[in-house]
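Here is how the chains run, residue by residue.
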Amino acid sequence: MVFGADRVTLVGILNVTPDSFSDGGRLVDAESALAEARRQVEAGAHVLDVGGESTRPGAAPVDAHTERTRVVPVVERLVAELGVPVSVDTRRAEVAEAALAAGARVVNDVSGGREPRLLEVAAAAGATVVLGHMRGEPATMQRDPHFDDVLREVGQELAASIERARRAGVKEIVADPGIGFGKEADHSLALLARVGELRAELGVPVMIGASRKSFLGRISGRPVDDRELESHTAAALAVFAGADAVRVHDVAGAARSVAVAEALRGARA
Ligand code: HH2
């Protein structure tokens, strides 16, 4: 199991894209990605999540060949040189398959397994799958998202994804409510605050990815390159509220804030 029950899993973000919303263009060559990955592992990352397509609101999709060419050489280097499980952040079966062949052990799919073959290739490789919740496509998902009851609807849609993944033969499944994926700030806040209920309902570990996202900027007024304190606070509170894993850019800071949250969660129990 990659997402062990005995600790909160810290997932470090490595976006090897030119256009990710907060760190685009910084890690496009394998050497920079490797150096950042080493820093994240030293800071306490348990998993490294490599992404070759930005899924920020409004992002245009990239073709599978481009995504694979960005991701696979980095996955190969991380697997060869670092001792932590590598995750590939992709919606495409073709990219997942190539990354798994290069040694990745986790497929993180923000679309929740919309491409059925992605679940099949992950199952065949014995990989863990993170199933995200997203309505629509990144290019248009923030156009007036609507929920009558966000917790219930996201829970039901994630439960359907989990069922598909189980049927495909995936053994380790993690759910993610998709903070900011087709959601207003209030939806993201409700999902984060009530993550414990979501976890209890779904019966699988839940990951939260709030790092640097716009709903935090809406609260503090800070731009994307100045939201670390907000991000650490959100990670800690997500853990206190019941999250099993957090996906973060600044692993060193998150490791410290999450340690406090874990201790408090332990004290409450
Ligand atoms: N958020 C992003 C990307 N992948 N995966 C999961 N499971 N959960 C998330 O919340 C999530 C995710 C978006 O953030 P980021 O990778 O920083 O930006 P971009 O999509 O622009 O590359």
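Scroll up to find the structure.
Draft legend 1. Highlighting the site of the ligand. Taken together, the neighbourhood of the ligand is formed by 17 residues, with Ser20, Ser54, Asn108, Asp176 and Lys213 sitting nearest. Interatomic distance of 3.1 Å between a side-chain N/O atom of Asn15 and an oxygen atom of the ligand. Side-chain polar atom of Lys213 to an oxygen atom of the ligand: 2.7 Å apart, as the coordinates give it. A total of 480 Å² of accessible area belongs to the ligand in isolation, and the protein chains cover 98% of it.

Draft legend 2. Here's a closer look at unusual backbone geometry. Positioned with a positive phi, Asp144 is a non-glycine residue whose angle comes to about 55 degrees. Structurally, Asp144 can be placed in the loop between strand 5 (128-132) and helix 5 (150-168). Although it is not a glycine, Arg212 sits at a positive phi angle of roughly 65 degrees.

Draft legend 3. Examining the side chain of Arg212 more closely. The residue Arg212 is located in the loop between strand 7 (207-208) and helix 8 (214-220) in this model. Accessibility expressed as a relative area gives 13% for Arg212, which makes it buried. Apart from the residues lying within four places of it in its own chain, the contact partners of Arg212 are Phe21, Ser22, Asp23, Val224, Arg227, Glu228, Ser231 and His249.

Draft legend 4. Seen up close, the sheet that holds strand 7. The eight strands are arranged 6-5-4-3-2-1-8-7 in an open sheet whose pairing can be described as parallel. Pairing within the sheet leaves two strands with one partner each, and these edge strands are strand 6 (173-176) and strand 7. Here five bridges tie strand 1 (residues 9-15) to strand 2 (residues 47-51), and the two strands are oriented parallel to one another. Bridging across to strand 2, Leu14 finds its partner in Val50.

Draft legend 5. Spatial organisation of the environment of Arg26. When you line up the elements, Arg26 lands in the loop between strand 1 and helix 1 (30-43). Relative accessible area serves as the criterion here: at 45%, Arg26 is assigned to the partly exposed category. Each C-alpha atom of the pair Arg26 and Glu36 lies 9.6 Å from the other, and the pair is 10 residues apart in sequence. Once residues within four sequence positions are removed from consideration, Arg26 is found in contact with Ser32 and Glu36.

Draft legend 6. Seen up close, the pairing of strand 2. Most of strand 2 sits inside the fold, with five of its five residues counted as buried. Here strand 2 shows a buried face lined by Val47, Asp49 and Gly51 and a second buried face lined by Leu48 and Val50.

Draft legend 7. The pattern of salt bridges, seen in detail. Per the counting criterion, the structure on display carries 23 salt bridges. Note that Arg39 and Glu36 form a salt bridge whose closest N and O atoms lie 3.1 Å from each other. In this pair, Arg39 and Glu36 both sit in helix 1, three residues apart, roughly one turn of the helix. For Glu36, a relative accessible area of 11% translates into the label buried. Between Glu53 and Arg92 there is a salt bridge whose closest N-O contact spans 3.5 Å.

Draft legend 8. Region of interest: the environment of Ala80. Inspection of the secondary structure assignment puts Ala80 in helix 2 (residues 64-81). Of the residues examined, Ala80 reaches a relative accessible area of 64% and is grouped as exposed. For the pair Ala80 and Val206, spaced 126 residues apart in the sequence, the C-alpha separation amounts to 28 Å.

Draft legend 9. Just the environment of Thr69, in detail. Its location among the elements puts Thr69 in helix 2. By relative accessible area, Thr69 is classed as partly exposed at 47%. Between the C-alpha atoms of Thr69 and Gly136, which are 67 residues apart in sequence, the distance is 26 Å. A distance of 2.6 Å separates a polar atom in the side chain of Thr69 from the backbone oxygen of His65.

Cut-offs and rules
- Residues numbered from 1 in each chain as written.
- Predicted model: local features only at pLDDT ≥ 70, side-chain atom pairs only at ≥ 80, totals over all residues.
- Heavy atoms only, no water.
- Near = heavy atom within 4 Å.
- Polar contact = N/O pair within 3.5 Å; in protein donor to acceptor, adjacent residues only side chain to side chain.
- Areas by Shrake-Rupley, 256 points an atom, 1.4 Å probe, with all protein chains shown as cover.
- Helix = DSSP H or I, 4+ residues; strand = E, 2+ residues; numbered from the N terminus.
- Buried < 20%, exposed > 50% of the residue type's maximum accessible area, 1.4 Å probe, protein only.
- Contact = heavy atoms within 4.5 Å.
- Pairing = 2+ DSSP bridges.
- Salt bridge = Lys/Arg side-chain N within 4 Å of Asp/Glu carboxyl O.

The quantities given are spatial measurements derived from coordinates; they are silent on function.
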